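# Examination of the molecular architecture
Here's the letter readout for the chains.
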Amino acid sequence: MAGNVTSLFRDGAGAGPVDFRVPGNPYFPTPGMFDELAARLREIVTSGPSDTDTVTAGLSTLLRLPEQCVATGNGTSELIAWIDHVLVRESLAVPVPTSGRWTGRPTVTGKRVDMFPLQEADGFALDLDRYAGFLRARGSRTAVVCNPNNPDGGHLRRERLVRFLDAMADLDLVVVDESYVEFAEAEPEPSVVREAVLRPNVIVLRGLGPPGVRLGCLVANPALAGRVRSMLPKWNLGSLAGHVVSMLRDHGPAYERSLDQIREDRRDMAARLAALPGLTVYPSQAGFLFVRLPVGAEGTVVRDRLLTGHRILVRDCGDKIGSSSRFLRLAVRPQADVRRLVPALEQVLYDSAPAGGSGYSSGTATIDRLIGETSGAGLRLTGPGSAGTAPRPAAPVPAPAVGTGIPLPAAVPPMPVAPPGPAAPWAPAASTPPGVPARGGLTAAQVRGTVRPAEPLPRKEDRPWQSTGT
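Below or above, wherever it landed, is the structure these notes cover. (Residues numbered from 1 in each chain as written. Predicted model: local features only at pLDDT ≥ 70, side-chain atom pairs only at ≥ 80, totals over all residues. Heavy atoms only, no water.)

### A closer look at helix α6 (residues 100-108)
By the burial criterion, the buried members of α6 are Trp102, Thr103 and Pro106. Looking down the long axis of α6, one finds its buried residues gathered within 95° of arc, a one-sided arrangement. At the C-terminal side of α6, Gly110 shows a positive phi close to 90°. (Buried < 20%, exposed > 50% of the residue type's maximum accessible area, 1.4 Å probe, protein only. Helix = DSSP H or I, 4+ residues; strand = E, 2+ residues; numbered from the N terminus. Arc of directions from axis to C-beta.)

Encoded structure:
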């Protein structure tokens, strides 16, 4: 691929790229607020930022929480780093797949990370009772719950989550990561932020503002919040973060309307994607949708073809523990952008199938041939005139999709097979009891050619990895 992703954004030819990777709020700030920011850009850039305590005081007023219960960070990522450094002791448990900040950061700092796998068969829903049993069995001292979860957007109702907090009162710490809770609509008040103020071992994380403004906050009882605040740099926030807090405070109704619009866009986007054959869309209460590609589709290939052929950026989840590249996380975008995404996915997934195939292309020639020959059922097709025995001719290798720049492998001629040599003068197989090694260390069945020889095990003295002790 020539150039890089950044060059696509700088290239003014044709339709501009659409980014479905990073979830955010495309409706806030409003155009009028951006005009206000533009008019004050010189002042914002050249003046010193407010200190962290000043921004925290404004944010506490906005959230209607005591200031001593709030700590403000340069995004939730900075706060997670300080939680791990100051409050997490020997172990931490987290359901997976989830945000890589929870599976990666504690591992780097030497903590044991106990990963509770969410099941695809259950739609990646978190069963809090099973998770509690897992915590007890593993002896985890810190528990993390992301609500809504990233990348699937799964949501736990507040009542169930409060019962879980009650049951985990003996742990060192329970962190509820609500980075995307502002997009939820499943219940009027989905957050447990006010529970955190009253409990000795609970922290709630919130993300605020546009993705380009790193602004997050931590809410906990004064003792926990104070320990994190004491570690934060005095000037850890830029000037723009303070202006965003002011905008959130002064333009509350516009902010609420923007969230309502995102929720409507999410419903529309989920319906349009679910109409694509073989594509599974999981229920989400976040600012993104988690989708499973059709059988045989490779997320990295789909991602690259959407980028090079359609100037659309998506995120495949092959790097997330507990997921694979068969899954994409798609940020919720305005309906005009979704109307551009859906036809592009249709073309990438279905329009470049092999002749006579299933009408679907995975982007991998070998998989395409297999699906074309088996109709996706795992068994070779037979039909009139096939007699059920003659092998089907290989389907022709499809040409690359237009604009992908991804060459497909050329057909490889079959390797010549040497004619079988004369049979060796073995003794009759019947003279060797079944299961007893015959000549050359083979069993009778192996002599008859029905079983491949087993590789001999190394002697005990040649196995240094096998300990003789307990």
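### Observations concerning the packing of aromatic side chains
Note on aromatic pairs: each is described by the distance of the centres and the angle between the planes. Tallied over the entire structure, the rule returns 11 aromatic pairs. Note on Phe124 and Phe290: the rings are 5.4 Å apart at their centroids and 80° apart in plane angle, and the pair reads as edge-to-face. Pair noted here: Phe124 is in the loop between β4 (112-117) and α7 (128-138) and Phe290 is in strand β10 (residues 288-292), with a separation of 166 residues, a long-range link. Relative accessible area serves as the criterion here: at 0%, Phe290 is assigned to the buried category. Ring pairs connect the aromatic residues Phe116, Tyr131, Phe134 and Phe164, which therefore count as one cluster. Positioned above the aromatic ring of Trp235 is the side chain of Lys234, whose terminal nitrogen or guanidinium carbon lies 5.8 Å from the ring centre. For Arg329, the ring lying beneath its charged end belongs to Phe288, and the centroid distance is 5.1 Å. (Phe/Tyr/Trp six-rings, centres within 6.5 Å; stacked < 30°, edge-to-face > 60°. Lys NZ or Arg CZ within 6 Å of the ring centre and 35° of its normal.)

### Overview of the pairing of strand β13 (residues 327-331)
For β13, a buried count of 5 out of 5 residues is recorded, marking the element as mostly surrounded by other parts of the structure. Burial along β13 is two-sided: the residues Phe327, Arg329 and Ala331 and Leu328 and Leu330 are all buried. Pairing analysis gives 5 bridges linking β10 to β13, with the strands arranged antiparallel. By the bridge assignment for β13, Arg292 is matched with Phe327. In this sheet, β13 lies alongside strand β12 (residues 315-316) in antiparallel orientation, the contact comprising 2 bridges. Its bridge partner being in β13, Arg315 is matched across the sheet by Arg329. (Pairing = 2+ DSSP bridges.)

### Here we look at the side chain of Glu182
Position of Glu182 among the secondary structure elements: in the loop between β6 (173-178) and α9 (193-198). For Glu182, the contacting residues outside a window of four places in its chain are Gly207, Tyr255, Leu259 and Arg263. (Contact = heavy atoms within 4.5 Å.)

What is shown is where atoms sit, not what they do.
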